[in-house]
Amino acid sequence: MRLPVIAVAGCLAVMSSAGSAGGTAQQPVIAGYGKITPVEGAVERPDRSLRYRVLFSVTKAASSPDKVNPSLEKVARFLNLLGADNVRPAQGDVVVIVHGPATPIIAENGAYATKTGAATNPNLALIAALKRAGVSVRVCSQALVGNGIAPAEVDKVVEVDVSALTTMATLQIRGWALIPD
């Protein structure tokens, strides 16, 4: 009779450890975007002693204009991953530069609807949340011209840089890590 008790205890131990391998999905910094699932025992973790200065290059468009851009979701995921370990980058230490086919994601609703046919820009709420978290969201002025978007049509929280090429070069020379999409 002892064998079944040991077997049940062993199964419960395996089930318990499987449950702790992946916790409940969380969004500790950017609510509603960039879900993460904490995993106990992960070896490399965010380091509170480091200054995280990171540049995200966002060039790819979403699969359809009514979907949030997956590269912007990646920025939210990055902040949520850091936040889960109580690491908060300083204001402006995380930069997003939007260019190429992704450029319309920075347009206010009317311009976005004209450009894409979608009723509203699904990226604006995430861009606003990123800004509130201290992220500098920028767009390449050369990409604006190439995509036929006037500077007046850019959402008010997005900054316009002279070019993505010079922004990426300058920030990398200054020590930002580049994360491409």
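For the structure given in this document, a descriptive report is provided here. Everything numeric here is computed off the predicted structure, so don't read it as measured data.

What about the side chain of asparagine 80?
- With respect to the secondary-structure elements, asparagine 80 resides in helix 2 (residues 70-84).
- Engagement of the side chain of asparagine 80 in a polar contact is seen with the backbone oxygen of glycine 34, the distance being 2.9 Å.
- Not counting chain neighbours up to four residues away, the residues in contact with asparagine 80 comprise Gln27, Pro28, Val29, Ile30, Tyr33, Gly34 and Ile36.

A few points about the pairing of strand 1 (residues 54-58)
- The buried fraction of strand 1 amounts to five of the five residues, a majority that puts the element mostly inside the structure.
- Here strand 1 shows a buried face lined by Val54, Phe56 and Val58 and a second buried face lined by Leu55 and Ser57.
- Where strand 1 lies against strand 2 (residues 94-98), five bridges are found, and the strand directions are parallel. Looking at strand 2, one finds that valine 58 is bridged to valine 98.
- Taken together, strand 1, helix 2 and strand 2 constitute a β-α-β crossover, and its handedness is right-handed.

Details of the environment of isoleucine 105
- Residue position: isoleucine 105 is located in the loop between strand 2 and helix 3 (109-116).
- A relative accessible area of 6% places isoleucine 105 in the buried class.
- On a C-alpha basis, the gap between isoleucine 105 and proline 65 in space is 8.6 Å, while along the polypeptide they are 40 residues apart.
- Once residues within four sequence positions are removed from consideration, isoleucine 105 is found in contact with Val58, Asn69, Leu72, Val98, Tyr112, Asn121, Asn123, Leu124 and Ile127.

Side note on helix 4 (residues 124-132)
- Turning to helix 4, its buried residues number three or more, namely Leu124, Leu126, Ile127, Ala129 and Leu130.
- Looking at the buried residues of helix 4, the elements they touch are helix 2, helix 3 and strand 3 (136-140).

Concerning the sheet that holds strand 5 (residues 177-180)
- Ordered by their spatial adjacency, five strands build an open sheet running 4-3-2-1-5, and the pairing between neighbours is parallel. Unpaired on one side and paired on the other, strand 4 (159-161) and strand 5 mark the two borders of the sheet. Going from strand to strand, the sheet's axes swing by 30° on average, the running direction of each strand aside.
- Where strand 2 and strand 3 come together, four bridges link them in parallel fashion. For valine 96, the partnering residue across the bridge sits in strand 3 and is valine 137.

Conventions we followed
Residues numbered from 1 in each chain as written. Predicted model: local features only at pLDDT ≥ 70, side-chain atom pairs only at ≥ 80, totals over all residues. Heavy atoms only, no water. Helix = DSSP H or I, 4+ residues; strand = E, 2+ residues; numbered from the N terminus. Polar contact = N/O pair within 3.5 Å; in protein donor to acceptor, adjacent residues only side chain to side chain. Contact = heavy atoms within 4.5 Å. Buried < 20%, exposed > 50% of the residue type's maximum accessible area, 1.4 Å probe, protein only. Pairing = 2+ DSSP bridges. Right-handed = clockwise from strand over helix to strand, strands pointing away. Axes fitted to C-alpha atoms, helices over the stretch in contact; angles between N-to-C directions.

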